[in-house]
Each structure stands twice: as structure tokens, then as C-alpha cells.
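Spelled out, the chains give:
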Amino acid sequence: MEKRRTVDPSVMEMLERAREQQISTPFDRAEVTKPCPIGREGACCKHCFMGPCRLVGKTTVGICGATIDTITARNLTRAIAGGAAAHSDHGRSIAQTLLAVAEGKAPGLEIKDETKLRRVAGYLGVEVGERSKEDIARDVANVALSDFGRQEGELVNLKRAPPKRQEIWRKLGIAPRGIDREIAEAMHRTCMGCDQDYEHLLMHALTCSLTDGWGGSMLGTDISDILFGTPAPIASTSNFGVIRPDEVNIIIHGHEPTLAELIVAVVSDPEMLDYARSKGAKGINIMGMCCSGNELLLRHGVPIAGNFLQQELTIATGAIEAMVVDYQCVMQAIQAAAERTHTRIITTSPKVKITGATHIPFEEHHGMDIAKQIVRMAIDNYPNRKGVHIPDFMDRMVVGFSHEYIAYMQGGVYRQSFRPLNDAVIAGRIRGAAAIVGCNNPGTTHDEGHINLVKELIKNDVLVVSTGCAAVAYAKHGLLTPEVMEYAGPGLKEVCQAIGIPPVLHMGSCIDNSRILTVLTQMATEGGLGEDISDLPAVGIAPEWMSEKALTIGAYAVASGCYVLFGVGSPVKASAAVTEFLSKGWEAKVGGKLEFEPDWRKILEKSLAHIDAKRKALKIADYDPARFAKSESYAPADYLDYKNFDEGLYTVKAGSK
Ligand code: MSK
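Residues numbered from 1 in each chain as written. Predicted model: local features only at pLDDT ≥ 70, side-chain atom pairs only at ≥ 80, totals over all residues. Heavy atoms only, no water.

## A few points about the sheet that holds strand β15 (residues 563-566)
With respect to topology, six strands assemble into an open sheet ordered β13-β12-β11-β14-β15-β16, the strand pairing being parallel. Both edges of this open sheet fall to β13 (504-506) and β16 (593-596), since each of them pairs with a single strand only. Taken pair by pair, the neighbouring strands of this sheet meet at an average axis angle of 20 degrees, ignoring direction. (Pairing = 2+ DSSP bridges. Helix = DSSP H or I, 4+ residues; strand = E, 2+ residues; numbered from the N terminus. Axes fitted to C-alpha atoms, helices over the stretch in contact; angles between N-to-C directions.)

Okay, structure coming up:
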């Protein structure tokens, strides 16, 4: 049977529109690009120019003698180093922005969350006392930046992990020293003629991944909260229906929130609105895409137009005046798509250019001027539209569940803790927790794995937290609303009603997976669920992953003690030894394991089996939903249409704007 491209009806509609306009999409390109089966499974080594060596058929070692186990382990380690570099460089950039703000060199930016600044100062060992917020911020930024170049010692945030976890890292010698040092060492070890023991390589891959989760990403999340505000629940909307036919539409795409924050401030400037009206538009509409979008969504309720595979399709609506991109997950093909419409692609990171696009590199000290220049450019482009088609699909959501808010919602300002959540798990009302995160991949049906897994997990009383493009998939399909608790199992529904939360919590962007580490630590140290993250009845899942960053996130979750399941396929399939080491080998050493399983049904089975096994090991009540009567009926609001909840398509009501 031919694979369906997507389960999102708005994407189906736009694929048709893109075809008419001869705009190429990743769905089309995936159909004509046959992935190299040798490289895909990790059996190709390109680390020197004697090869590339493809280990197939009678070729069992590379020209240097490297075995299939060494080659697959090297390839995976390099991918994990790539992901760690991307996330951590993002974290560095945010720390540099904090330094510029503290020194008064970033007009338009300020410290929005002083409480968080003081808390983070405590984590980093920065004195608070009676000092000004600028003085504290300068020291916080400098300590954060020192984590990158440190040659000896340990990352500062490692001490936020459960004590037992820290002991494991130290005993195994995988506690990272400095972020840049471990990433550089991963590149060195995987160079021709270096580390040739697959287990040794893969243990360093864990070290390298920890520089991301407890290093660059955690610093990035914390400092973004200090600068832009810590997320708390906020309502918003998603999917192509958020594009407005009569306004200047600007899409913010990528991962870094700094310039995006300034653009959001600029568009409400009356002068800018008058300028937009002078060009015939009724207003200026900012929307997000991927993780820059998630950052704006969680802090400002800025609507999100779609997830990773929707970028060219958004341009194909003909209604986007500017797509402003920084870095990561930006398809080069958006420029070709833009050339078939009137859209302007504007690259804003000094690190990233796209041939043919307009490059306006961001600098903190002229940030406001740059934001204004970009918005004006978009407004000037409004009269150039050629034809507009916007699918009438939009859904509503409640987002913004930072780890601080999750603690707050369990007791308010004075009595916040993880006691209620832990007690619900111990009693069996909540069977366990799942973090479903990561990308989309045209190698699998867009959004299908995400949606099916969430639907089944909440029915089975598993609380779901999410980030990145996975969370956007849930948003588009109406799964981030409190009303969806109607479809949760009886115990989970009771807890959601009591606390007043949806059963699926959107926690942020890809770097915000570090928030999940904090939540897991709080659950592990609250009491009653063991003493370490590896004791918890919890799983991490990336059903539609594609990025190196996803592999890094998966690896640091494993190193932190989690069972992690990836969909789509395995990049180490060529080596049975490496495949086994990622599962049983890593589990024996760090208590977490990584497995690749393309079928979402098997991911579900394995997840539930793992959660139940952990419950048994903790000697807490066996999961038995019959013990919890169906809670009081909670009628879904009429704007939601879940009639297809149990079927293949998860449509939401069109015309709901
Ligand atoms: S944006 S890394 S496609 S989740 Fe963070 Fe989405 Fe994956 Fe990029």
C-alpha cells in the first residue's frame, strides 16, 4: 500500500496547491531521492580519502581495517557531536546576549525574569546579595560562558542531577569537563586512525551528549527565561489557518529567540502599523515555525503556522511577505519556493546564509534597528502578492508548561512540589510519563506516529510532555487543549481535572528538553519513586526524528537514565554489536537505553511494558484503570471536532477562526 504523506488535511490541501505552483516540497523530494541504504544504516565510512569504504557483501573492514562496529559507532558519535555543537552554540549565543544586556549594549532587550535570574545565579554559584540585577546577570553570563571553554573539572549544572546520577557519571568517567572540549574530543576520536573500540567511542558519545542536555541546552533555556520570561500557560492557535489574508504575514523560523523577540515588539509600534496600512494591509501578523516559533508561542502566544515539513508549504500560500530564518532545521529549498511567489527569505544569523536570500545579520547593539528594517521590508512586499490560498484549518491550544509552572501548579507559590504528581503515579492514577519530542521526517507519514502515540498513551493513563515539532503536531490536531482529557484514561483524567491541566503538556523548543531533565530530577528526588531518573516509570520517544540534534537529545536522555525509543529507522542497523550496546550495554552502565523501532505500535507496546516493569521494580501499585471510576463527564468545547479521534485522520473543524 502506498505510504500516506501526512495525516494533516491542511498539509494535504497545500501539497496540491504547491504542485500546481511547481513548488518542490520535502514530500516530493523524498519520493525521488532514494536514501543510500549503506550510509543510512551506518555502514559507510567517509572519515578519510582512502574510501569512502562501504562495508557490504564481502567487504568486512575498511581500507584501514576498521570494522563495521567501529564505523557505525564513529558515525553515530559524530552525529551526536554535531547535535551537541548546534544546541550548545545556541546556548552560547544566548549567554552572550545576556552579557550584552547586562553591560547595557543591547537596546530593546532587558532582564524580564529577575526571580529566575536569582535562581540560576544560585545554581551557578554566583553571589546574589544586594547586588543589582545587571551585576548578577554579568556574572551569570560569564560563568555560563566559562562552561564552554573549561579544560578540567565538570559542567556547573551537573550538580542539579539526582546525587545518584552524578555518582554514576563520575564513576564511569563520563561527566563532561567543558562543552567545546568534549565536542572537539568527539571529532578527534572519530578521525581516521584514532579511537577504534566501539564501546569506548560510544561512552564518549554519552559524555558529548551530556554537554548538550546539562550544558548548552540547559544554559540556553535558563538564560532565555531570564531574558524573555519564563513560560506559563497561555492560549494560542496553530496551522495554516493562522495566516491572515489581509495582513502583512511574517514567519519566524529556526531556533534562536533573540531577534524574534524584538520583531514581536516592533510590530505593535503604531508607526509600523500605520506604514502597513499605507500599503493596503489591515495589520501585521507574526507567526512561528519550528522552534523559534515555539519560543514565541510559549512566551507570547504567537500562533504557530506549522512544523518542520510545512516550511515550503507555508510559502506556497502566497500570503507570506517575509520568512525570517536564523539557524537549524531551515530547508535550503525555501528560497526556491520563495522565488515562485513574492515571499522574501531573510537570513539573520551571522553563521547562516542561503544563496539568493537577503542576509541581514543580527547584532545585539543594533537589534531594534535590524528588527525594524526587517518588518519594513515585509510591509513593502505586501503589494507584490500574486495569489493567495490559505487552508481553513486552525486549532486552539494551551501551552507554556515550563518546569517552574509544573511545580507551581502542584501547590501554588508557597507549597509547590512534585508530591501530587508522584502520589498520583504511586497510586496508579497516572501509569507513568512519556516525553514525546523531535522532528518530522518525510520517510514516515507526517504527524502520524506523533498523533497515534499520544492518543494511545493518554488513553492508557500516561501523562505526556512534549517539545519541538512533536508539540506542534499535537497543537495542530487539537491535542493541547484541556478538553482532550475526555479521551484520557480514568485516572489521568481525574488528575488533569484536579490540577486543571491538559494530559499533554507543551514544554517548549528543542533546547527546552532540558526542562524535561529538570522535571525528571524533581520527580526522582521528591520521594516515593526511587532515587534516580532511571527508577521512574517514564520513557522518551522521538517517533519521526531526522536531525542529529534528536540523536544528541536521545543520548543525553539515556545518559540521564531514560529508556528512549526512536521511530523511522536505525542509523546503526549495520552493526548488531553496536545496536545491542546502545540497548543492553548502555543500560548496564547508565540505566538508560536507546532503541530504534519504526513501528509506532511496537513503540507503544515497549513503552507501556517498560513503564509497568519500572512500577513493579518500585513495588508500587500495579496499574489497574478499573480501580478508578470514570470521572465526571467533561464535555469538549464545541469548536473541537474529535469525531475522527479513533480513526486514521485527526481533522479539526475547518472554519473555526
Ligand atoms: S525544530 S530539530 S525539526 S523538532 Fe527544533 Fe523540529 Fe526537529 Fe528541528
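Now that the structure has been shown, we can carry on.
## Here we look at the environment of Ser268
In this structure, Ser268 sits in the loop between α10 (258-266) and α11 (270-278). Distance from Ser268 to Ile284, taken between C-alpha atoms, is 8.1 Å for residues 16 residues apart in sequence.

## Here's the deal with the site of the ligand
Around the ligand, the neighbouring residues are His255, Cys290, Cys291, Phe308, Cys329, Gly438, Cys439, Cys469, Cys510, Met546, Ser547 and Lys549. Two domains share the shell around the ligand, each providing at least three of its residues, namely domain 3 (240-384) and domain 4 (403-630). (Near = heavy atom within 4 Å. Domains from an automatic or database assignment.)

## Points about unusual backbone geometry
Gly51 connects to Pro52 through a cis peptide bond whose omega is 5 degrees. Look at Asp447: it is not a glycine, yet its phi comes out positive at around 75 degrees. Judged by its relative accessible area of 0%, Asp447 is buried. Phi at Lys619 is positive, roughly 60 degrees, even though this residue is not glycine. Inspection of the secondary structure assignment puts Lys619 in the segment after α25 (600-618). (Buried < 20%, exposed > 50% of the residue type's maximum accessible area, 1.4 Å probe, protein only.)

## What about the domain arrangement of the protein?
Segmenting the protein into domains produces domain 1 (9-54), domain 2 (68-228), domain 3 (240-384) and domain 4 (403-630). A separation of 26 Å is found between the C-alpha centroids of domain 1 and domain 3. Counting residues at the interface gives 14 residues for domain 1, matched by 12 residues for domain 3. Taking both sides of the interface into account, the surface hidden between domain 1 and domain 3 amounts to around 1,100 Å²; carbon and sulfur atoms contribute 70%. Sorting the residues of domain 1 by area buried against domain 3 places Met14, Ile23 and Pro26 first, and these three jointly supply 42% of that buried surface. (Contact = heavy atoms within 4.5 Å. Buried area = accessible area lost by both parts, 1.4 Å probe.)

## Observations concerning the packing of α10 against helix α15 (residues 367-381)
The axes of two packed helices give the description: the angle between them and the distance between them. Here α10 crosses α15 at 65 degrees, and the two axes come no closer than 9 Å. In this structure, α10 meets α15 at a crossing whose hand is right-handed. Judged by residue contacts, Leu259, Leu262, Ile263, Ala265 and Val266 of α10 engage Gly367, Met368, Ile370, Ala371, Lys372, Ile374 and Val375 from α15. Tallied by class, the residues present in the contact of α10 with α15 amount to 10 nonpolar, one polar and one charged. (Left-handed = near helix turned anticlockwise from the far one by under 90°. Nonpolar A, V, L, I, M, F, W, Y, C, P; charged D, E, K, R; others polar.)

## Overview of the nonpolar core
Among the nonpolar cores identified, the biggest contains 171 residues, and Ile263, Leu457, Tyr474 and Trp586 are the most heavily contacted of them. If you tally residues by element for this core, the top one is helix α9 (residues 198-228), at 14 residues. Excluding residues within four positions of it along the chain, Leu457 makes contact with Ala434, Ile436, Val462, Val464, Ile541, Leu604 and Leu608. Ile243, Ile251, Met287 and Ile354 belong to the second-largest nonpolar core, a separate cluster that totals 34 residues. (Core = buried A, V, L, I, M, F, W, Y, C linked by side-chain atoms within 4.5 Å.)

## Observations regarding the packing of α9 against helix α22 (residues 513-526)
Orientation of α9 relative to α22, taken along the N-to-C sense of each, is 100 degrees, at an axis distance of 8 Å. Viewed along their axes, α9 and α22 adopt a mutual orientation that is roughly perpendicular. Taken together, the residues of α22 that come into contact with α9 (itself represented by Gly213, Trp214, Ser217, Met218, Thr221 and Asp225) are Ser514, Arg515, Leu517, Thr518 and Thr521. Of the residues belonging to the contact of α9 with α22, the class tally is three nonpolar, six polar and two charged. (Parallel < 35°, antiparallel > 145°, perpendicular 65-115°, else oblique.)

## Here's the deal with helix α1 (residues 9-20)
For α1, which comprises 12 residues, the first-to-last C-alpha distance of 17 Å matches the rise-based estimate of 16 Å (1.5 Å per residue) to within 8%. Those residues of α1 that sit buried are Pro9, Ser10, Val11, Met14, Leu15, Arg17 and Ala18. Tucked into the core, α1 has its buried residues touching α2 (26-32) and α13 (311-316). Residue Gln22 follows α1 closely and has a positive phi angle near 55 degrees. (Expected span 1.5 Å × (residues − 1).)

## Points about the pattern of salt bridges
For the coordinates displayed, the defined rule picks out 49 salt bridges. What emerges from the salt-bridge pattern is a single network uniting Lys116, Arg119, Arg160, Asp222, Asp225, Glu295, Arg299, Glu404, Asp512 and Arg515. (Salt bridge = Lys/Arg side-chain N within 4 Å of Asp/Glu carboxyl O.)

## What to know about the packing of aromatic side chains
Evaluated as defined, the whole model comprises seven aromatic pairs. Geometrically, the ring pair formed by Tyr198 and Phe581 is edge-to-face, given 6.1 Å between the ring centres and 90 degrees between the ring planes. Within this pair, whereas Tyr198 is found in helix α9, its partner Phe581 is found in helix α24 (residues 576-590), the two being separated by 383 residues in sequence. Owing to a relative accessible area of 21%, Tyr198 belongs among the partly exposed residues under this scheme. (Phe/Tyr/Trp six-rings, centres within 6.5 Å; stacked < 30°, edge-to-face > 60°.)

## What about the pairing of β15?
Neither face of β15 is left uncovered, since the one carrying Tyr563 and Leu565 and the one carrying Val564 and Phe566 both have all their residues buried. In the sheet, strand β14 (residues 538-542) pairs with β15 via four bridges, with the strands oriented parallel. By the bridge assignment for β15, Gly540 is matched with Val564. Tracing the backbone out of β14, into helix α23 (residues 548-559) and back to the parallel element β15 gives a crossover that is right-handed. Bridge count between β15 and β16: four bridges; the pairing is parallel. (Right-handed = clockwise from strand over helix to strand, strands pointing away.)

## So, the pairing of strand β8 (residues 344-347)
One ladder, built from four bridges, connects strand β7 (residues 322-325) with β8; its direction is parallel. Directly across from Ala322, in β8, lies its bridge partner Arg344. Note on the crossover from β7 through helix α14 (residues 333-339) to β8: the handedness is right-handed. As paired strands, β8 and strand β9 (residues 358-359) are joined by two bridges and run parallel to one another.

## Considerations on α10
Burial analysis of α10 places eight of its nine residues in the buried class, the great majority of the element. For α10, the set of buried residues is Thr258, Leu259, Ala260, Glu261, Leu262, Ile263, Val264 and Val266.

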